Amino acid sequence: MAKAYERIADEIRRAIRAGELRPGDKLPAETQLVEDHRRSLPTVRDALRLLQEEGLIEKRHGRGNFVREARTKILRTNERHQWEKDRARKSVGERLKTGSTEQATGLSVSDLAFHASYSDGVAEGDIAEAFRVPEGTPLLVRSYRTRNASERAPLGLVTSHLVRGLVESNPDLLDAANEPWPGGTQSQLLMVGVELDRVEERVTARPPTPEEAEELELPPGTPVIALRKTSYDTRDRVVELSDVILPGDRTEMHFTTSLERW
């Protein structure tokens, strides 16, 4: 037999799925729910906590509980890398029309809000090892946040590393004011004579850090997908390393592998 808090959650869940409570609608106050259901405040809070864990509602501090608005879905495929490489040598006009984020979300450029910041860093630990450079080697560290303009949370958290010595011959590549760069990183690398040969991606799932959960607005208990992208050039050098943190509740990873025929 269902517990009291589960029955309260069932009723609110049914109202949400039936459209009686729509995304963005505010739920009755906890005191009103106590009165309506003739249950204790702890029981009502257990019901609300269950709905929060399911991602159906969200608590806005000082304002109450609201039906959670649907977030933009992300479809990330491994075919994006060849698409980006084919696009890198096209005209600026062609490169400006769309990018990999638009391809992954189905949104248009006008639907998106983009922010980039650059900082100086040095290679340490696994990053120095991946680049095969001594610890302390200067890096250009780039942080990207792209979101649906109608939402608060970014689609993902991206930190990209470049060896500064590889790109500093072109000052345009050191200035975040030039972002978003038409054609993305592969087009930027082309400006300093670098052609990519392959991209390796390692994917793991883990609980988010508190900072990640807050920035991505994740429901309690939602994991993140942590992706380490390593780009190699035609000389077998690692030329770019990215750490991408994606929300587990709205990201689909799709991989297609073409096999040689016998």
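My aim in this report is to walk through the structure given alongside it, one point at a time.

About the cut-offs
Residues numbered from 1 in each chain as written. Predicted model: local features only at pLDDT ≥ 70, side-chain atom pairs only at ≥ 80, totals over all residues. Heavy atoms only, no water. Helix = DSSP H or I, 4+ residues; strand = E, 2+ residues; numbered from the N terminus. Buried < 20%, exposed > 50% of the residue type's maximum accessible area, 1.4 Å probe, protein only. Contact = heavy atoms within 4.5 Å. Areas by Shrake-Rupley, 256 points an atom, 1.4 Å probe, with all protein chains shown as cover. Lys, Arg positive; Asp, Glu negative; His and termini not counted. Charge placed at Lys NZ, Arg CZ, Asp CG, Glu CD. Expected span 1.5 Å × (residues − 1). Pairing = 2+ DSSP bridges. Axes fitted to C-alpha atoms, helices over the stretch in contact; angles between N-to-C directions. Salt bridge = Lys/Arg side-chain N within 4 Å of Asp/Glu carboxyl O. Polar contact = N/O pair within 3.5 Å; in protein donor to acceptor, adjacent residues only side chain to side chain. Parallel < 35°, antiparallel > 145°, perpendicular 65-115°, else oblique. Left-handed = near helix turned anticlockwise from the far one by under 90°. Nonpolar A, V, L, I, M, F, W, Y, C, P; charged D, E, K, R; others polar.

On to the overall build of the chain. Each helix and strand in the chain was counted, giving ten helices and ten strands. Dimensions of the chain, computed from C-alpha atoms along their principal axes, come out at roughly 70 × 50 × 40 Å. Per-residue burial for the chain yields a buried fraction of 43% across its 262 residues. Contacts in the chain between residues far apart in sequence, at least 24 positions, make up 61% of those at least 6 positions apart. Total accessible area on the chain is roughly 15,100 Å²; 49% of this is exposed by carbon and sulfur atoms. One way to put it: in the chain the 40 positive side-chain charges average out to a point 4 Å from where the 45 negative ones average out.

Our focus in this paragraph is helix α3 (residues 41-53). Structurally, the α-helix is built with 3.6 residues per turn, so residues lying three or four positions apart point the same way. Given a rise of 1.5 Å per residue, 13 residues ought to cover 18 Å, and the 18 Å separating the end C-alpha atoms of α3 matches this to within 8%. Taken as a whole, α3 has its buried residues at T43, V44, A47, L48, L51 and Q52. Buried residues belonging to α3 abut α1 (4-17), α2 (30-37), β1 (57-60) and β2 (64-67). G55 sits one or two residues past α3 and shows a positive phi near 80 degrees.

For the rest of this paragraph, the subject is the sheet that holds strand β7 (residues 196-206). What holds strands together in a sheet is hydrogen bonding between their backbones, with the strands either parallel or antiparallel. Taken in spatial order, the six strands line up as β4-β5-β6-β9-β8-β7 in an open sheet, and their pairing is antiparallel. The sheet terminates laterally at β4 (112-122) and β7, the two strands that pair on one side only. In this sheet, neighbouring strand axes are inclined to one another by 15 degrees on average, regardless of whether the strands run parallel or antiparallel. Where strand β5 (residues 138-148) lies against strand β6 (residues 157-163), six bridges are found, and the strand directions are antiparallel. Looking at the pairing, V141 lines up with H161 of β6.

Before going further, it helps to spend a moment on the side chain of E102. Its place among the elements puts E102 in helix α6 (residues 100-105). Nearest to the buried, unbridged E102 among oppositely charged side chains is R87, at 5.8 Å. Within the structure, E102 has its side chain in polar contact with the backbone nitrogen of G99 (distance 2.8 Å).

This brings us to unusual backbone geometry. Negative phi values dominate among residues other than glycine, just as trans dominates among peptide bonds. Each neighbour pair has its own omega, and for E179 with P180 the value is -5 degrees, a cis peptide bond. Residue position: P180 is located in the loop between α8 (164-167) and α9 (184-190). Here E217, not a glycine, exhibits a phi torsion of approximately 55 degrees, which is positive. Within the secondary structure, E217 is located in the loop between α10 (210-216) and β8 (224-233). A positive phi angle, near 65 degrees, is found at D236, a position not held by glycine.

With that settled, the discussion passes to the pairing of β1. Sheet topology note: the β1/β2 ladder contains four bridges and is antiparallel. Its bridge partner being in β2, E58 is matched across the sheet by F66. Following β1, the chain reverses through three residues before pairing antiparallel with β2; G62 in that reversal takes a positive phi of roughly 80 degrees.

This part takes up the packing of α1 against α3. α3 packs onto α1 with a crossing angle of 50 degrees between their chain directions and a minimal axis gap of 8 Å. In terms of orientation, α1 lies oblique with respect to α3. Between α1 and α3 lies a crossing of right-handed hand. Mapping the contact onto sequence places A4, Y5, I8, A9, I12 and R13 in α1 and T43, V44, D46, A47, L48, L50 and L51 in α3. Partitioning the contact of α1 with α3 into residue classes produces ten nonpolar, one polar and two charged.

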